[in-house]
Amino acid sequence: MGKSKKNSSSSSSSSTKAPPCTCDDPYKCDCGNRPVRPSRGHKWDPIKKEWGGKGHKQKGATIAGAVVGKKEVKNVGGVEVKEGEVLPTKILGDWCRKQKRRPGKFKNVADKGSFRYRLILQDAKNQARDMVFVSSRNAKNDEVGMEEVAILGLLHVEGERNLGLKMPEPYKGIWRTVREERKAGNKGNAGG
């Protein structure tokens, strides 16, 4: 019932090693000295000339692996967005998704050639609870106008969180100044 014990004489005959495999391709061995693959997934190490482990396969990971040290910089509306920075419209879209609201509607309310936007954050059930934000100044282009009015919306719905740390530089400064003005306005109203 268990494992049978082998004779010691048979193990001594198998102790003679075959010469190592000299082939580089793991699937086309011409010399015939390659050891049998332990199971599917093991990788052939051409330097050590033996089968290695399967390696850690994280769910959703790619075979090639991540490129380390390469920082991607995108240019959106004349603003450089570095790796790890997020635009205000993306943060607002994530907030709408978490709150199970429809995505914000942006509309240019200025004349042709100027960019001043209105943002509507719709309530799913009651139209009276829709939030409307309008930028007070014209922006230099279309994308910047949308991002500035998205900052106004974010300040209303997520004003307590310091989301300016995630944003690229011009929007980070706008977030900081509007937030400070808001705090100074609240202190002035509380005292009187």
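A quick note: this is a predicted structure, and the numbers were derived from the prediction, not measured. (Residues numbered from 1 in each chain as written. Predicted model: local features only at pLDDT ≥ 70, side-chain atom pairs only at ≥ 80, totals over all residues. Heavy atoms only, no water.)

What follows covers unusual backbone geometry. At Lys-100, a position not held by glycine, the phi torsion is positive, near 55°. Checked against the element boundaries, Lys-100 lands in the loop between helix H2 (88–98) and strand E5 (105–108). Lys-100 sits in the exposed class, given a relative accessible area of 69%. (Helix = DSSP H or I, 4+ residues; strand = E, 2+ residues; numbered from the N terminus. Buried < 20%, exposed > 50% of the residue type's maximum accessible area, 1.4 Å probe, protein only.)

The next thing to look at is the sheet that holds strand E6 (residues 117–121). Strand order in this open sheet of three strands is E5-E6-E7, and the pairing throughout is antiparallel. The strands lining the two open edges of the sheet, one partner per strand, are E5 and strand E7 (131–134). Geometrically, the sheet is characterised by an average inter-axis angle of 15° between neighbouring strands, direction not taken into account. In this sheet, E6 lies alongside E5 in antiparallel orientation, the contact comprising four bridges. Paired with Phe-106 across the strands is Leu-119, a residue of E6. Contacting E5, E6 and E7, H2 crosses the sheet at an angle of about 20° to E6. Strands E5, E6 and E7 of the sheet are contacted by helix H3 (residues 142–158), whose axis makes an angle of about 40° with E6. (Pairing = 2+ DSSP bridges. Axes fitted to C-alpha atoms, helices over the stretch in contact; angles between N-to-C directions. Contact = heavy atoms within 4.5 Å.)

Examined against the element boundaries, Asn-141 turns out to sit in the loop between E7 and H3. Classification of Asn-141 by relative accessible area gives buried; the value is 19%. A distance of 3.0 Å separates a polar side-chain atom of Asn-141 from the backbone nitrogen of Val-144. Aside from chain neighbours lying at most four places away, what touches Asn-141 is Gly-77, Gly-78 and Phe-115. (Polar contact = N/O pair within 3.5 Å; in protein donor to acceptor, adjacent residues only side chain to side chain.)

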